[in-house]
Amino acid sequence: MPKRTDIETILLIGSGPIVIGQACEFDYSGSQAAQALMDEGYRVVLVNSNPATIMTDPMMADAVYLQPLTVESITRIVEKEQPDAVLPTMGGQTALNLTEDVQKAGVWAEHGVELIGVDLDAVQRTEDRQRFRDLMEDVGLDQGRSQTAKTVDEAAAVTRDLGGLPVVIRPSYTLGGSGGGIVRTEDEFERMVSRGLEMSPVHQVLIEECLFGWKEYELELLRDANENVVIICSIENVNPMGVHTGDSVTVAPQQTLTDRQYQAMRDAAIKAMRSIGTFAGGCNIQFAVDPETGRMIVIEINPRVSRSSALASKATGYPIAKVATRLAVGYTLDELPNEITGTSACFEPSIDYVVTKIPRFNFDKFEGVDEALTTQMKAVGEVLALGRTFPESLQKAWQSLEIGYHGLGADRPIPDRDTVRERLEAPYWDQLLHVRHALYHEASVEEVHDVTKIDRWFLRQIESIVAMEQQIATHTLDTLPNDLLREAKRYGFSDAQLAFLLEGDLNDDTVRAHRKKADITPSFLVVDTCAGEFPADTPYYYSSYDAGNERPTSDRDKVLILGSGPNRIGQGIEFDYACVHGVRAAQEMGYEALMLNCNPETVSTDFNVADGLFVEPVYWEHIMNVIDHEQPEGVIVQLGGQTALKYAERFKEHGIRVLGTDPGDMDRAEDRGHFSSLLQELSIPSPPYGMAHSTNEAVQRASDIGYPVLIRPSYVLGGEGMRIAHTPAEVERHVTSILQRTPDNAILLDRFLEGGTEVDVDAICDGTDVWISGILEHVEPAGVHSGDSTAVLPPYSLPARIQDTIRDYVSQIARALDVRGLLNVQLVVHNDSVYVIEANPRASRTVPFVAKATGAPVAAIATRVMLGDTLAAMRNEGLLESTLSGYALKRPVFSWDKFPEVAQKVGPEMRSTGEAIIFTDVMQEEHLKQPYPMRAMTVAG
């Protein structure tokens, strides 16, 4: 049937602040949904409390409410906007739970609001573990043996019935596996069950047999009102059962099932989906398969767009959220086109490449954390890599992680056997790397399988990588045959890995020059949904050394914008927001805007955002491959956080134009010593400081400065490695730790101004004119990282004289650094004086908050400046005017529940995973209190 015409206004509910288990995948899904609804002519009202997202941008809906996700706020919005329908399936578990609460309050019924795209009864059937089990048994689908329990005693009885430990604890109605895990010992049992009961909204847990070692799969499906079903993507977890799928390395399409097994899984998925309700939209279903017997069981179903939907969309090039949204408003699959291929949306994707996803963790932020992976999700982000083979995509994924690796090993000495054995015995985040090490130490595939339970097919693939690197290591660059070099590139080996493996004093530039001379360069292949059977109409590409080039070049002036790579604490969705605005601003100025990023969760990697999207690692070699092919006018590095900024000086060395601030001026701000010297030249006060390159030197400098001191490494984001030290022993401990991680880093030591008020300033400079876009005052005292602080815009307690001094200092710094684009400056007000702490000539994480609070498109304005426009011209357009009346508050959100063993401390190193925005006309005492249990936290030394 065609779309519904009996509804006009649709309410779209977002997922709120970023937390582990529910991240910016839902910003991507929500943005796609809003765009699809507006394209269909509906009036869209959107509510979300997250200021960092594209979803909450004014351009995304007819009315955007940056409001708390509560029954009260939804009720007010419904009373004002009078929507005809609500679509809650794009906001994750948060939106679904809120929708159910609003329904219980009678709001939907009172105002005649219809739920579309979801059947709440279906959600309840799938979330209630026992009801779901009973339903699957009714339709003849096998389940793992399990029972629910509402007390510890009941849980103990269930465990005895299941044959004893180990068992898996799964709390009902929680997100990202919160509160769950494998229980192996009696000592863990009562603690885990009690915690699960506490975290479950209905105080119920499922106790199920432990399937550790079984293989795990996910299928992404779409279903319409006529019960037509298409399988969009099959995903196989490389890690066996026991690791949350969000923490597992995953591969699409599935690799190790026989055709008969896969068809049986498809049939079971369709049967299960049709059994749970009558909704039309997206669905995710997970299976486990016993590798020895082939027994297949259903694990769970999510009758909504899920975390994996974004991954599946990017992997296949199929716009799942858009199609699901159109199904929710009445269309059937046969009535809809696939925007990429022009074929019917009924056409199931078939891909001729391999996609690998690897999670990104931030264990370094949580002292004392248990790094072993369990059924409770711990990852803060993920990377996506495409290649013609699994080895190629796996190596590219490791190059994308931004943790210092140039691929799956082959870039540093191999750990000893004891270390390798220890890291293989539990499913740690780097398990595949140690699989490689074990095979290099001549362990057999069978031995590694016995320890890890990873499918032998994946182990043999890694074994082939090891065999290739051992073959390469027998050569010098001059004796390396071109055929072997080309084959190595097909295996995903980076130039840096080859430089490490080959005999002689080489670096990646040397290898690059050699292979280019031999005409061994990558092709750019289009991402489509039909394995090349039909032409794909999308500018969406990946590189490989295996086939002819499919990326046409144009004569238009091009700009390459570098994304920020995987989300992590300190560099998250805020930079995706900046990149998307940068792309659109470049397009408006007449440029062909190219985007390079490897994050599957983001809007910037959506197929229809940039004129040319390259799903590639934000890694030197891959960036240069794109530059060689596209020949852009220049590269924008200011919008991609520290990830992009770190390449600025190298671009300059290679004669590639960096648009905006010159890399030399960026370095003067980023290098702590150079910047402190600049402040002295400008007579701008800063805390007493000193530089050190060794532990002994740091202890001496701290003694000269006076305690307490703030210790900071150069070139970091999110306060990484920053600590407050009160004694020489603490200085020695912290500096030693920093130098172990980054041996060549310079250490800056500042006198820590206790009791001061910290201030964040975002500004834009065009080389002459300076625009202060926002001054944010921190509520917490100095010493808490700006990302973890409640911040208020404009300042609520700083006198006008102090604010004028702040503006003056920031303007002086911007001009002295010859900034062309963005600048973030952090200051502290202490004893009625203003001191400058640091300056960063790039987008800061507060850019989207300032933009949402003031109504000024900060990132777009900065991009226009980088491309030669002036602030004066944009001031005349009215773009620099703030619409904020009253105050906007930025409140951090933490994911402490994922790390119960970690002390809840805040300090100079950032630990929050997301943020919310609150507007108020008058600052009151309640606004200055943290909304989360900050009382339980202490400032970390």
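See above for the structure.
Summarised in this report is the structure supplied together with it. Predicted model only: the values in this text are computed from it and were never measured. Every chain is numbered independently, its residues counted from 1 as its sequence is written. For this predicted model, a pLDDT threshold of at least 70 governs which residues receive local features, and a threshold of 80 or more governs which side-chain atom pairs are given and counted, while totals over whole chains, interfaces and linings are taken from all residues. Only hydrogens and water are set aside when side-chain values are computed; all heavy atoms of the structure are taken into account.

1. Focus: the overall build of the protein chain
Secondary structure counts use DSSP, requiring at least four H or I residues in a row for a helix and at least two E residues in a row for a strand, with both numbered from the N terminus. Across its full length, the protein chain holds 31 helices and 35 strands. Within these notes, the globule rule equals 2.2 Å times the number of residues to the 0.38 power, and the radius of gyration is based on C-alpha atoms. Taking 941 residues into account, the globule formula puts the C-alpha radius of gyration at 30 Å, and the protein chain, at 27 Å, falls close to it. A principal-axis box enclosing the C-alpha atoms of the protein chain has dimensions of 80 × 75 × 65 Å. Expressed as a percentage of its 941 residues, the buried residues of the protein chain come to 65%. Note on definitions: a residue-residue contact is assigned when non-hydrogen atoms from the two residues lie within 4.5 Å. Here the contacts in the protein chain between residues at least 6 apart in sequence split such that 70% fall between residues at least 24 apart. Accessible surface, the protein chain as shown: approximately 32100 Å² in total, 45% of it carbon and sulfur. Placing the 83 positive and 138 negative side-chain charges of the protein chain at their respective mean positions leaves the two points 1 Å apart. Burial here depends on accessible area, computed with a 1.4 Å probe over protein chains only, as a share of the maximum for the residue type. Under 20% is buried, over 50% is exposed, and the range in between is partly exposed. Under the convention used here, a 1.4 Å probe and the Shrake-Rupley method define accessible areas, while residue burial counts only the protein chains that appear. Positive charges come from Lys and Arg alone, negative charges from Asp and Glu alone, with His and the N- and C-terminal ends not counted. To locate a charge, the coordinates of NZ of Lys, CZ of Arg, CG of Asp or CD of Glu are taken.

2. A closer look at the packing of aromatic side chains
Aromatic pairs are defined between Phe, Tyr and Trp rings, using the six-membered ring for Trp, whenever the two ring centres lie within 6.5 Å; interplanar angles under 30 degrees are classed as stacked, those over 60 as edge-to-face, and all others as tilted. For the coordinates displayed, the defined rule picks out 15 aromatic pairs. Seen from their ring centres, Trp-457 and Phe-458 are 5.2 Å apart, and the 85 degrees between their planes marks the pair as edge-to-face. A relative accessible area of 26% means that Trp-457 is categorised as partly exposed. Classification of Phe-458 as buried rests on a relative accessible area of 1%. Ring-pair connections join several aromatic residues into one group, and the members of that group are Phe-366, Phe-894, Trp-896 and Phe-899. Arg-184 extends its terminal NZ or CZ atom over the ring of Phe-212, reaching a point 5.9 Å from the ring centre. Any Lys NZ or Arg CZ that is within 6 Å of a ring centre and within 35 degrees of that ring's normal is treated as a charge sitting over the ring.

3. A few points about the packing of helix α12 (residues 390–400) against helix α16 (residues 456–472)
All axes here are fitted lines through C-alpha atoms, helices being fitted over the stretch that makes contact, and every angle between N-to-C directions spans 0 to 180 degrees. Relative orientation of the contacting elements α12 and α16 amounts to 75 degrees, with a least axis distance of 10 Å. Here α12 lies roughly perpendicular to α16, going by the angle between them. On α16, the residues touching Phe-390, Pro-391, Leu-394 and Gln-395 of α12 are Trp-457, Phe-458, Gln-461, Ile-462, Ser-464 and Ile-465. Its residues assigned to classes, the contact of α12 with α16 comprises seven nonpolar, three polar and no charged. Throughout, the term roughly parallel applies to angles under 35 degrees, roughly antiparallel to angles over 145, roughly perpendicular to angles from 65 to 115, and oblique to all others. By the convention adopted, Pro, Cys, Tyr, Trp, Phe, Met, Ile, Leu, Val and Ala count as nonpolar, Lys, Arg, Asp and Glu as charged, and the other residues, Gly among them, as polar.

4. Notes on the pairing of strand β14 (residues 296–302)
Of all seven residues that make up β14, six are buried, and the element is covered over most of its length. Bridge count between strand β13 (residues 281–289) and β14: six bridges; the pairing is antiparallel. Bridging across to β14, Ile-285 finds its partner in Ile-301. Paired strands, in this sense, are two strands between which DSSP finds at least two bridges. Counting the residues in the hairpin turn of β13 and β14 gives six residues, including Gly-294, whose phi is positive at 85 degrees.

5. A closer look at the nonpolar core
Within soluble globular proteins, side chains that are nonpolar generally end up buried alongside one another. In this text, buried Ala, Val, Leu, Ile, Met, Phe, Trp, Tyr and Cys residues form a nonpolar core when linked through side-chain atoms within 4.5 Å. The biggest cluster of nonpolar side chains holds 98 residues, and the ones touching the most others in it are Ile-10, Leu-12, Leu-87, Leu-222, Tyr-318 and Ile-764. For Leu-87, the residues in contact, after removing those within four places along its chain, are Ile-10, Leu-11, Leu-12, Ile-13, Ala-33, Leu-37, Ile-116, Gly-117, Thr-325 and Ala-328. Within the second largest apolar cluster, 73 residues are counted, among which are Val-249, Leu-401, Ala-410 and Val-526.

6. A word on the state of the cysteines
The term disulfide is used for any two cysteine sulfur atoms that are within 2.5 Å. Applying the stated criterion across every chain, the model contains zero disulfides. The structure places no disulfide on Cys-24, whose sulfur is separated from the nearest cysteine sulfur, that of Cys-579, by 12 Å.

7. Digging into the sheet that holds strand β2 (residues 43–48)
Across the sheet, five strands lie side by side as β3-β2-β1-β4-β5; this open sheet has parallel pairing. Two strands bound the open sheet, and with one partner strand each, they are β3 (63–66) and β5 (114–115). As paired strands, strand β4 (residues 85–87) and β5 are joined by two bridges and run parallel to one another. Pairing of Ala-85 across the sheet is with Glu-114, part of β5.

8. Overview of the sheet that holds strand β28 (residues 770–781)
Taken together, seven strands build an open sheet; the order of strands is β31-β30-β27-β28-β29-β32-β34 and the sheet is antiparallel. Of all strands in the sheet, those with a lone pairing partner are β31 (833–840) and β34 (914–920), marking the two edges. Shown here is a sheet whose adjacent strand axes are inclined to one another by a mean of 25 degrees, direction ignored. Packing of helix α28 (residues 800–816) onto the sheet brings it into contact with β27 (757–766), β28, β30 (820–830) and β31, and relative to β28 it is tilted by some 125 degrees.

9. Observations regarding the side chain of Thr-75
Summarising the element assignment, Thr-75 is placed in helix α2 (residues 71–81). Here Thr-75 falls in the buried class, since its relative accessible area comes to 17%. Two N or O atoms form a polar contact when they lie within 3.5 Å of each other; inside protein one atom must be a possible hydrogen donor and the other a possible acceptor, and for residues adjacent in sequence the pair counts only when both atoms belong to side chains. A polar contact is formed between the side chain of Thr-75 and the backbone oxygen of Val-71, at a distance of 2.7 Å.

10. Quick look at helix α8 (residues 186–199)
Take the residue count of a helix, subtract one, and multiply by 1.5 Å to get its expected span. Over its 14 residues, α8 runs 20 Å from end to end, which matches the ideal 20 Å to within 8%, given 1.5 Å per residue. Listed in full, the buried residues belonging to α8 are Phe-189, Met-192, Val-193, Arg-195, Gly-196 and Leu-197. Where α8 is buried, its residues meet β6 (146–149), α7 (152–161), β7 (167–171), β8 (181–183) and β9 (205–209).

11. Some remarks on the packing of helix α13 (residues 417–424) against helix α14 (residues 431–440)
Viewed as axis vectors pointing N to C, α13 and α14 meet at an angle of 140 degrees, and their least axial separation amounts to 9 Å. Considering the angle they form, α13 stands oblique to α14. For the pair α13 and α14, the crossing hand works out as left-handed. Here α13 contributes Val-420, Arg-423 and Leu-424 to the contact with α14, which in turn contributes Gln-431, His-434, Val-435, His-437 and Ala-438. Split by residue class, the contact of α13 with α14 holds four nonpolar, three polar and one charged. With the far helix as reference, a near helix turned anticlockwise by less than a right angle produces a left-handed crossing, and one turned clockwise produces a right-handed crossing.

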